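For reference, the chains in residue letters:
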Amino acid sequence: MTPFDPRQLGVYVVTSGTFVEGRGHLDVAEAALRGGATAIQLRALELDDDALFSLATIVAERCAGEGTLFVLNDRPAVAARVEGAGAHVGQRDDPMGARARLGEGRVLGVTVSSVDQAHAAAAAGADYLGVTVWPTGTKPEAEPAGLEAIGAIVEAAGLPVVGIGGIDAGNAARVLAAGAAGVAVVSAVVAAPDPVAATAELRAAVQRFRDDHGGTP
């Protein structure tokens, strides 16, 4: 597997099959890829392991063709069966056991909301951290940490952070300026009238920030 590059977190699209009728996970992933997403997370909580494996195999192949990071939400054991797939887990998903189930050489992301959780995730073998920045209706139970938490978590854990929650092209630069390596979105792309254009707009916003501060998304 290609070594993890934190720049792959730049434009991180999380799929959902619940926002627009007839627009499933694969539709979202393919639109995001066309729009320039650098990472795709397949979040299909409604699927059983076998169905998830089948879908993930297809999405992983599409992502590999574009050089795009691909991770599965919540189920590292399934991700370990999919060539090229990583995993992303939350605090309720046993971060400490996720690395063992996923195996070495696969990308592991862990959602955190505090410095203590960031330290624990780093010790558990995380490659990057997810931080909920603002409240979001997509995941109302998520605890928003705010912009100020991003820098503290990056410094404490020494790992790249991707911000999520209430983010779109209009405020992405604020999240990056706070120290995040990238921005993750769900509804900003999944529920957009044109998800390809929405992803491209987000990519352009990230690119403008990187152009102003050095580097590429």
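Preceding this paragraph is the structure being described.
Values in this document were obtained by computation on a predicted structure and should not be read as measured data.

### Here we look at the pattern of salt bridges
(1) Moving on: This structure, assessed with the given rule, holds five salt bridges.
(2) Moving on: Between arginine 62 and glutamate 30 there is a salt bridge whose closest N-O contact spans 2.7 Å. Of this pair, arginine 62 sits in helix H2 (residues 49-66) while glutamate 30 sits in helix H1 (residues 25-35); the two residues are 32 residues apart in sequence, bridging distant segments of the chain.
(3) Moving on: For aspartate 94, the salt bridge identified is with arginine 101, shortest N-O distance 3.2 Å.
(4) Moving on: Residue classification places arginine 101 among the partly exposed positions, given a relative accessible area of 34%.

### Focus: the packing of H1 against helix H9 (residues 195-213)
(1) Moving on: Contact geometry for H1 and H9: axes closest at 7 Å, N-to-C directions at 45°. The angle between the axes of H1 and H9 places the two elements in the oblique class. H9 is crossed by H1, and the crossing has right-handed handedness. Across the interface between the two elements, Ala31, Ala32, Arg34 and Gly35 of H1 pack against Pro195, Val196, Thr199, Ala200 and Arg203 of H9.
(2) Moving on: The residue makeup of the contact of H1 with H9, split by class, is five nonpolar, two polar and two charged.

### Considering unusual backbone geometry
(1) Moving on: The backbone of aspartate 74 sits at a positive phi, close to 80°, despite the residue not being glycine.
(2) Moving on: Looking at where aspartate 74 falls in the secondary structure, it is placed in the loop between strand E3 (69-73) and helix H3 (76-79).
(3) Moving on: The phi dihedral of aspartate 94 is positive, around 60°, even though this residue is not glycine.

### Some thoughts on the packing of aromatic side chains
(1) Moving on: Scanning the entire structure with this criterion turns up two aromatic pairs.
(2) Moving on: Clustering of aromatic rings is evident, with ring pairs tying together Phe4, Tyr12 and Tyr128.

### Focus on the nonpolar core
(1) Moving on: Core analysis: the largest hydrophobic core is formed by 72 residues, its most contacted members being Tyr12, Ile40, Phe70, Leu129 and Val175.
(2) Moving on: Examining the composition of this core, we find that six residues originate from one element, H2, more than from any other.
(3) Moving on: Not counting residues up to four positions away in its chain, the partners in contact with phenylalanine 70 are Ile40, Leu42, Ala56, Val59, Ala60, Cys63, Gly84, Ala85 and Gly86.

The rules behind the values
- Residues numbered from 1 in each chain as written.
- Predicted model: local features only at pLDDT ≥ 70, side-chain atom pairs only at ≥ 80, totals over all residues.
- Heavy atoms only, no water.
- Salt bridge = Lys/Arg side-chain N within 4 Å of Asp/Glu carboxyl O.
- Helix = DSSP H or I, 4+ residues; strand = E, 2+ residues; numbered from the N terminus.
- Buried < 20%, exposed > 50% of the residue type's maximum accessible area, 1.4 Å probe, protein only.
- Axes fitted to C-alpha atoms, helices over the stretch in contact; angles between N-to-C directions.
- Parallel < 35°, antiparallel > 145°, perpendicular 65-115°, else oblique.
- Left-handed = near helix turned anticlockwise from the far one by under 90°.
- Contact = heavy atoms within 4.5 Å.
- Nonpolar A, V, L, I, M, F, W, Y, C, P; charged D, E, K, R; others polar.
- Phe/Tyr/Trp six-rings, centres within 6.5 Å; stacked < 30°, edge-to-face > 60°.
- Core = buried A, V, L, I, M, F, W, Y, C linked by side-chain atoms within 4.5 Å.

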